[in-house]
Amino acid sequence: MANGTIAEHAKSFYEEGTSKKTGLLGWFFSTDHKRIGIMYLAALSTFFIIGVILALFMRLELIAPGETLMDAQTYNTIFTLHGVIMIFLFIVPGIPAIFGNFFLPLMLGAKDVSFPRLNLLSFWIYIVGAILVVISLFVPGGPIDTGWTFYIPYSVRTGTNVSLAIFAAFVLGFSSILTGLNFITTVHRLKAPGMGFFKMPLFVWSTYATAWIQVLATPVIGITILLVIMERAFGIGIFDPSLGGDPILYQHLFWIYSHPAVYIMILPAMGIVSEIIPTFARRTIFGYNAIALSSLAIAFVGYLVWAHHMFTSGMSDTARIVFSFLTFIVALPSGVKVFNWVATMYKGSIDPQPPFLWVMAFIVLFSIGGLTGLVLGSLATDIHLHDTYFVVAHFHYVMFGGTGTIFFAGLYYWFPKMFGKLYHTKLANIGVALFFVAFNLLYFPKFIMGYQGMPRRYYDYLPEFADLQLVSTIGSWLMAIALIIVFGNLIRSLRTGRKATSNPWGGVTLEWHTTSPPPLENFETDIVVTHDPYDFSQLEDMKNE
Amino acid sequence: MGSGATQYVETVDSVMLYIVGISVVLLIGITAVMIYFVVKYNRKKGHKPENIHGNWLLETIWIAIPTVLVMTMFYYSYIGYKDLRNFPEDGLEVNVTARMWGWTFEYENGKQTDSLYVPVNQPVMLFLESVDVNHSFYVPAFRIKEDVIAGRVNKLHFTSDMVGDYDIACAEYCGLKHSMMYSKVKVMEVADFDKWYAETDATTDETNIETNPVDSTAAEIKPTGEM
Ligand code: HEM
Ligand SMILES: [Cu+2]
Ligand SMILES: [Cu+2]
């Protein structure tokens, strides 16, 4: 693909920074997209683990009916914090912040993103937002207890610290917008010579589609949050009916952002799937155009389905029917992607290494998540299942089974490139297998409980749900073990792993054309793109690079 | 599934069965094909990979068939749902008021209860209103739910085919005792109901009220303006 050669003794970006500062400051003030990506990785992983620990406490409380461990108020703040952390601090910034930052410029053959300083600012803003969330836990009033959706009137009336917590979400939104802006510009301006839009790797396509949603949808939540804060502070009456406002208006504004946000979460993951399958099947992707264009279709139609979260809110029947119809339509491009991925395995030469196994787990879990979404898009069934455990199962299958699984797939795929080290393959395989079993044990019972009428956000439950709740809690312990193995393997490899070559998997996109880890400016020589992104005929030449 | 406490339950369960049935077939199909490919085209077997860039015919087929499938799903679910929005004109009318954390049911003759008493086989029309935050009136056994929102009156109806007691849950998070906001629909023989309905106010079930004691020790709900 490129005729760059790799000089043997180049310094990696770990050894050479963008500023004179050294040590931690050399990181915190670095405008190098790779260092920023790794800082996001550290921050997001930390919050992910905190979110998981909170969830383990929730599952422990739910192990049996009645009070087990904590009182109702504590439980309510814990599920809210779990949701807020997982959504705003982990999965929304998620893959773009970590892998987008690290790999977008590399895959385009660029030296950095278009605005490296703005990129660093985005990271700082993220950290400020995260600190605000943490502060909100300790100021008078107590931690927020509204659920991550902050529905009004409850969020205006509760005495807990809503304003600061949602202000944190407001701040985090800016980080998201600026990152999106940066990526859009980078994709338009910094493609290496020879790379047109339809020679871009599919991860770049999906990050690009995501960036547009980040820029266009996030301001809606920003404005909504400001209105809620004003309502709490000055009682201005936009949403609270006792002040003459309309609570349904709040729900519309909230979901106009938060539904597209679901696609901010999943699209980049789909991009990574489209990278991993060709590499391990060693053949070109099936249906490049279909996959690229379906990302744009999802980004666009994704704007038009928000009110499927409100089928029971008392909206007009016409609105319910229209939004149900559009929801079924938005399912189609995701289906197209799944079919193309499986077709990419046809007549390949498949080497199921750990990243590929993660992708296989993804295809099953994400398909379950997507297909159960059809049940929720359907009016007759959603009326019954809305706000039950069925929804809790559905969104964990999509967000955790979908995006979360691919977060690990990406980590296991690019770890050698990012850190220059290899991990333990057998242990990695065990990790995926255990994750898959634990996941289903943890969440599948929730589909059944939901259909049996177990509402969500319940501190306590009727005795008839006790058995399935217990199974789910046991699943959460297995999940904890799986996550320890998955993270532990990588952390251990940082210190003791074997050195990785520049191309351990035989990938052909541009990031495999440079050293592991790459040098400060990514490539030793100028890149000229001559091949399609998944043209494996260049593999022989690359060995001689 | 399908205890059939109301006709509508059968409708919902059959839509569910239809969508889940198709989904299971798709899921098993996708998974099986994937595993088959991974085994058949395993690198150990030393195949030379073939670079197939795509196939517009296949692409069209796997857009077209799912489109048709989801349209049928949409159609069935819409037909089923229409029943729910087809409000009876001569039903028993009950005003439902939700508060943190309990329910009050008020009948046309002024009777007030906190369980919902209804006659079997007779349409019941509910008018839902909240005095504080959002709640949601949910009877899992009837597969029905509608949010209860301050400042507006949402509507719901059902006709129960079977005498018995059914749980009412709150399905919209409403704070401290959201999970304890249970009540019952008590479906009675028509004669029993008529007798109960004619009784004077003194017999309304005061006793039930203490099942939802409102205490606000842990979460204080302040009116507005607290940062
Ligand atoms: C070990 C891992 C996890 C466990 C055991 C777990 C468990 C739970 C439980 C028990 C609930 C409460 C359900 C309810 O009654 O409403 C919940 C809610 C939630 N979870 Fe998780 N979860 C895990 C990981 C994740 C991940 C990775 C994400 C996102 C990427 C996530 C996102 C959410 C969200 C958004 C909610 C809703 C919070 C709310 O209702 O406001 N969870 N989770
Ligand atoms: Cu949505
Ligand atoms: Cu409630």
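Residues numbered from 1 in each chain as written. Chains lettered and ligands numbered in written order. Predicted model: local features only at pLDDT ≥ 70, side-chain atom pairs only at ≥ 80, totals over all residues. Heavy atoms only, no water.

### So, the coordination of the iron atom of ligand 1
Residue and element names in this part refer to chain A.
Part 1 of the argument: For the iron atom of ligand 1, the full set of protein donor atoms is His 82 (NE2) and His 396 (NE2), and the range of their distances to it is 2.0 Å.
Part 2 of the argument: One can describe the site at the iron atom of ligand 1 as octahedral: its 6 donor atoms subtend angles covering 87 to 179° at the metal. You can see His 82 sitting in helix α3 (residues 72-91) and its partner His 396 sitting in helix α14 (residues 389-419), a full 314 residues away along the chain. (Donors = N, O, S within 2.8 Å, 3.2 Å for Na, K, Ca; no water. Tetrahedral: all angles 85-135°; square planar, octahedral: opposite > 155°, others 65-115°. Helix = DSSP H or I, 4+ residues; strand = E, 2+ residues; numbered from the N terminus.)

### Here's the deal with unusual backbone geometry
Part 1 of the argument: With an omega of 10°, the peptide bond running from Ile152(A) to Pro153(A) counts as cis.
Part 2 of the argument: When you line up the elements, Pro153(A) lands in the loop between α5 (116-136) and α6 (154-157).
Part 3 of the argument: Across the junction of Met100(B) and Trp101(B), the peptide omega takes the value 5°, indicating a cis bond.
Part 4 of the argument: Take Trp101(B): it is sitting in the loop between β1 (92-99) and β2 (102-107).
Part 5 of the argument: Phi angles above zero are rare outside glycine, and Lys347(A) is one such case at about 55°.
Part 6 of the argument: Position of Lys347(A) relative to the elements: it lies in the loop between α11 (317-344) and α12 (354-377).
Part 7 of the argument: Positive phi, normally seen in glycine, also occurs at Asn522(A), with a value near 75°.
Part 8 of the argument: Tracing the sequence through the fold places Asn522(A) in the loop between α16 (466-496) and α17 (539-543).

### Some points on the environment of Pro247(A)
Part 1 of the argument: Mapped onto the secondary structure, Pro247(A) falls in helix α9 (residues 247-281).
Part 2 of the argument: Along the chain, Pro247(A) and Ser313(A) lie 66 residues apart, while their C-alpha atoms are 9.8 Å from each other.
Part 3 of the argument: Sequence-distant contacts of Pro247(A), defined by excluding residues within four places in its chain, comprise Ile152(A), Pro153(A), Phe239(A), Pro241(A), Asn134(B), Ile149(B) and Ala150(B). (Contact = heavy atoms within 4.5 Å.)

### Points about the sheet that holds strand β7 (residues 144-148) of chain B
Residues and elements named next belong to chain B.
Part 1 of the argument: The strand order across the open sheet built from 5 strands is β4-β10-β9-β6-β7, with neighbouring strands paired in mixed fashion. Looking at strand neighbours, the two that pair on one side only are β4 (116-119) and β7, the edges of this open sheet. Recorded for the sheet is a direction-independent mean angle of 20° between the axes of neighbouring strands.
Part 2 of the argument: Examined bridge by bridge, strand β6 (residues 135-139) and strand β9 (residues 164-170) share 2 bridges and lie antiparallel to one another. Residue pairing in the sheet places Tyr 138 in a bridge with Ala 169 of β9. (Pairing = 2+ DSSP bridges. Axes fitted to C-alpha atoms, helices over the stretch in contact; angles between N-to-C directions.)

### Description of the sheet that holds strand β8 (residues 154-158) of chain B
Residues and elements named next belong to chain B.
Part 1 of the argument: If you walk across this open sheet you meet the 5 strands as β3-β2-β1-β5-β8, and the pairing is mixed. If you trace the sheet from one side to the other, it starts and ends with β3 (112-113) and β8, each paired once.
Part 2 of the argument: Where strand β5 (residues 124-130) and β8 come together, 5 bridges link them in antiparallel fashion. Its bridge partner lying in β8, Met 125 is registered against His 157.

### A closer look at helix α8 (residues 202-234) of chain A
Residues and elements named next belong to chain A.
Part 1 of the argument: A rise of 1.5 Å per residue sets the reference length of α8, with its 33 residues, at 48 Å; its end C-alpha atoms lie 48 Å apart and thus fit the reference within 8%.
Part 2 of the argument: For α8, the principal kink sits at Ala 217 and spans about 30°; a proline, Pro 219, occurs within the next four residues.
Part 3 of the argument: In terms of residue burial, α8 counts as a mostly covered element, since 24 of its 33 residues are buried. (Expected span 1.5 Å × (residues − 1). Bend = angle between axes of the 7 residues up to and from the residue. Buried < 20%, exposed > 50% of the residue type's maximum accessible area, 1.4 Å probe, protein only.)

### Thoughts on the domain arrangement of chain B
How large an interface is tends to be reported as the accessible area lost when its parts come together.
Residues and elements named next belong to chain B.
Part 1 of the argument: Along its sequence, chain B is organised into domain 1 (8-84) and domain 2 (92-209).
Part 2 of the argument: Averaged C-alpha coordinates put domain 1 and domain 2 at centres separated by 41 Å.
Part 3 of the argument: Residue-level contacts link 6 residues of domain 1 with 6 residues of domain 2.
Part 4 of the argument: Between domain 1 and domain 2 the total buried area reaches about 480 Å² when both faces are included, carbon and sulfur atoms providing 58% of it.
Part 5 of the argument: Broken down residue by residue, the surface that domain 1 buries against domain 2 is led by Tyr 8, Val 9 and Leu 84, which jointly contribute 72%.
Part 6 of the argument: Linking domain 1 to domain 2 there are 1 salt bridge.
Part 7 of the argument: In this structure, the salt-bridge partner of Arg 143 is Asp 13, at a minimum N-O distance of 2.9 Å.
Part 8 of the argument: Linking domain 1 with domain 2 are 3 residue pairs in polar contact (both at pLDDT 80 or more).
Part 9 of the argument: Listed by contribution, the elements that provide at least two residues to the side of domain 1 that touches domain 2 are α1 (7-40) and α2 (56-84).
Part 10 of the argument: Top element by residues in the side of domain 1 that touches domain 2 is α1. It accounts for 4 residues.
Part 11 of the argument: Looking at the side of domain 1 that touches domain 2 residue by residue, the class counts come to 4 nonpolar, no polar and 2 charged. (Domains from an automatic or database assignment. Buried area = accessible area lost by both parts, 1.4 Å probe. Salt bridge = Lys/Arg side-chain N within 4 Å of Asp/Glu carboxyl O. Polar contact = N/O pair within 3.5 Å; in protein donor to acceptor, adjacent residues only side chain to side chain. Nonpolar A, V, L, I, M, F, W, Y, C, P; charged D, E, K, R; others polar.)

### Here we look at the site of ligand 1
Residues and elements named next belong to chain A.
Part 1 of the argument: Close contacts around ligand 1 come from 27 residues, with His 82, Trp 148, His 396, Tyr 443 and Arg 457 the closest.
Part 2 of the argument: A distance of 3.1 Å separates a nitrogen atom of ligand 1 from a polar side-chain atom of Tyr 443.
Part 3 of the argument: Measuring from an oxygen atom of ligand 1, one finds a side-chain N or O atom of Arg 456 at 3.0 Å.
Part 4 of the argument: Of all the secondary structure elements, the ones that give two or more residues to the shell around ligand 1 are α2 (33-61), α3, α14 and α15 (425-451).
Part 5 of the argument: Broken down by element, the residue count for the shell around ligand 1 peaks at 7 residues, all from α3. (Near = heavy atom within 4 Å.)

### A word on the pairing of β9(B)
All names here are of chain B.
Part 1 of the argument: With respect to burial, β9 is a largely interior element, 5 of its 7 residues being buried.
Part 2 of the argument: Of the strand pairs in this sheet, β9 and strand β10 (residues 183-188) are connected by 5 bridges, and their pairing is antiparallel. Paired with Ile 168 across the two strands is Ser 183, which belongs to β10.

### Regarding the packing of α14(A) against α16(A)
Residue and element names in this part refer to chain A.
Part 1 of the argument: α16 packs onto α14 with a crossing angle of 15° between their chain directions and a minimal axis gap of 11 Å. Between α14 and α16, the interaxial angle falls into the category roughly parallel. Remark: the crossing between α14 and α16 carries left-handed chirality. Side by side, α14 and α16 meet where Tyr 389, Phe 400, Phe 407, Phe 408, Leu 411, Tyr 412, Phe 415 and Phe 419 of the first sit next to Gln 469, Met 479, Leu 483, Ile 485, Val 486, Phe 487, Asn 489, Leu 490, Ser 493 and Leu 494 of the second.
Part 2 of the argument: Looking at the contact of α14 with α16, its residues break down into 15 nonpolar, 3 polar and no charged. (Parallel < 35°, antiparallel > 145°, perpendicular 65-115°, else oblique. Left-handed = near helix turned anticlockwise from the far one by under 90°.)

### Topic: a nonpolar patch on the surface
Residues and elements named next belong to chain A.
Part 1 of the argument: The grouping of Ile 49, Ile 53, Phe 57 and Leu 69 at the surface amounts to a nonpolar patch, some 340 Å² of accessible area in total.
Part 2 of the argument: Checked against the element boundaries, Ile 53 lands in helix α2.
Part 3 of the argument: Exposure remark for Ile 53: the relative accessible area of 42% places this residue in the partly exposed category. (Patch = residues over 30% accessible without salt bridge, like charges linked within 9 Å, V, L, I, M, F, W, Y side chains within 5 Å. Areas by Shrake-Rupley, 256 points an atom, 1.4 Å probe, with all protein chains shown as cover.)

### Focus: the pattern of salt bridges
Part 1 of the argument: Inspection of every chain in the model, using the stated rule, returns 12 salt bridges over all chains.
Part 2 of the argument: For the salt bridge of Asp32(A) with Lys34(A), the shortest nitrogen-to-oxygen distance reads 3.0 Å. An identical accessibility class is assigned to Asp32(A) and Lys34(A); each is buried.
Part 3 of the argument: Linking Glu50(B) and Lys347(A) is a salt bridge whose minimum nitrogen-to-oxygen distance equals 3.8 Å. Note that Glu50(B) is positioned in the loop between α1 and α2 and Lys347(A) in the loop between α11 and α12, a pairing that runs across two chains.
Part 4 of the argument: Residues joined by salt bridges that share partners form a network here, namely Asp317(A), Arg320(A), Arg85(B) and Glu146(B).

### Brief notes about the side chain of Asn119(A)
Residue and element names in this part refer to chain A.
Part 1 of the argument: Relative to the helices and strands, Asn 119 is located in helix α5.
Part 2 of the argument: When its relative accessible area of 0% is taken as the criterion, Asn 119 is described as buried.
Part 3 of the argument: Leave out the neighbours within four places in its chain, and Asn 119 touches His 33, Ile 36, Asn 101, Val 113 and Asn 182.

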